[in-house]
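# Close look at the chain arrangement
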Amino acid sequence: MKDFRYLAELPGTPQEQEWLRDRLETMSVKEGIILTAAVEEKPPSTAADAVNDCLGLSDHFIWAGAGDYKQLGEYYANNVALLPEAVQEYTDFEKLGQMYAENHPGRFSEGHYVEFHTGEPYFHYDPETEVFPANTDWSVKIKLTSQAEPEGVWLRLPDFADGEVNEIALALDALKVQTVQECTIQDTRCVLSGVGNLMEQYTDAADLIYDGNELWLFLDNQYQGFPNYMEHLSAAMEYENCHDLRSALNIAQNIQCYEWIPRDKLIETAEKELRDLGVSEKIIQSGAIDLKAYGDDVLVNQGYRLTADESAYIARNSREFVCKYTTPPAPEMQI
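Scope of this entry: the structure provided in the associated data block. Quick caveat, the model's predicted, so the values are computed rather than measured. (Residues numbered from 1 in each chain as written. Predicted model: local features only at pLDDT ≥ 70, side-chain atom pairs only at ≥ 80, totals over all residues. Heavy atoms only, no water.)

## Thoughts on unusual backbone geometry
Between Leu157 and the following residue, Pro158, the backbone shows a cis peptide bond with an omega angle of 20°. Inspection of the secondary structure puts Pro158 in the loop between strand E5 (153-156) and helix H7 (167-175). The phi dihedral of Leu82 is positive, around 55°, even though this residue is not glycine. Structurally, Leu82 can be placed in the loop between helix H4 (69-79) and helix H5 (85-88). (Helix = DSSP H or I, 4+ residues; strand = E, 2+ residues; numbered from the N terminus.)

This is the structure:
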């Protein structure tokens, strides 16, 4: 994979350059193929440009193994157009590939065709605001090594192996192996900062890949409409003193078992409690009652705990907690 460290040397703020160094450190094989195409198509002139190139990686699409127009035409004929074999005998695949590329702009990169996203990017960095968007379109990153490639490469999850266009196949190809069982875990990252050292929890890369994909299913679905799901999940993990991925998956699956109230709702909480007690609206709105302090006291008395960052209150309700990923529950958990 190409060396992209030069991107962090482009003109920009120290924050932009540091963000790039951190992002490039865990660049996966698939992301590297896409980034190569993107920066060759339109070389970035500033660090801010490079930040947006990195933020847009998941917007683009790879036609794996389509390294020229003929291969692109063959891939298109067999996997999209589904041309009958009898028709393919008379098909000019190079011309078909050129036709596809004209209608779906992209670039050949390291033996693949990268089709560029043409709509609005999902993530975008505006250098005038200097606010970096939360890059949360992943769950776990794993650095794998093999006997053939001891330096290793990064694999980014999720990846559900839906055909050839996936992280796992591209990483295995770079490592010159057939299965992840032939690989060794060298390093890991997780989008959930509280899950601890994954290398101490997993020796089999296949197990970690499975659990990383499972985590993504919960994050991507925001587990069926829970508002502020990530904050809710992090608070529940803190409540349970959870520091491993499998226990975190249990909590993610059972997020409905936790009541979460952001601290900016303290006044509403206090007003509701006062109304339930029969206090008049006039007194509630008079300013004579310290509503924030009263709301805090109400929640603490109801069993809520203030999170370490003091952003929200969390409590366990009486709903049934189903353990799918750990049996029995991890010892430190209070469920």
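## Digging into H7
Looking only at H7, the buried set comprises Glu167, Ile168, Leu170, Ala171, Leu172 and Leu175. Looking at where H7 begins, the residue whose side-chain oxygen comes 3.2 Å from the main-chain nitrogen of Ile168 is Asn166. At the C-terminal side of H7, Lys176 shows a positive phi close to 60°. (Buried < 20%, exposed > 50% of the residue type's maximum accessible area, 1.4 Å probe, protein only. Polar contact = N/O pair within 3.5 Å; in protein donor to acceptor, adjacent residues only side chain to side chain.)

## Points about the sheet that holds strand E8 (residues 305-306)
Strands pair in a sheet through their backbones, by hydrogen bonds, and they do so in one of two ways: parallel or antiparallel. Strand order in the open sheet formed by three strands is E7-E9-E8, with antiparallel pairing between adjacent strands. The open sheet has two edge strands, strand E7 (258-262) and E8, and neither has a second partner. Bridge analysis of E7 against strand E9 (residues 312-316) gives five bridges, and the strand direction is antiparallel. Bridge pairing in E9 links Pro262 to Ala312. (Pairing = 2+ DSSP bridges.)

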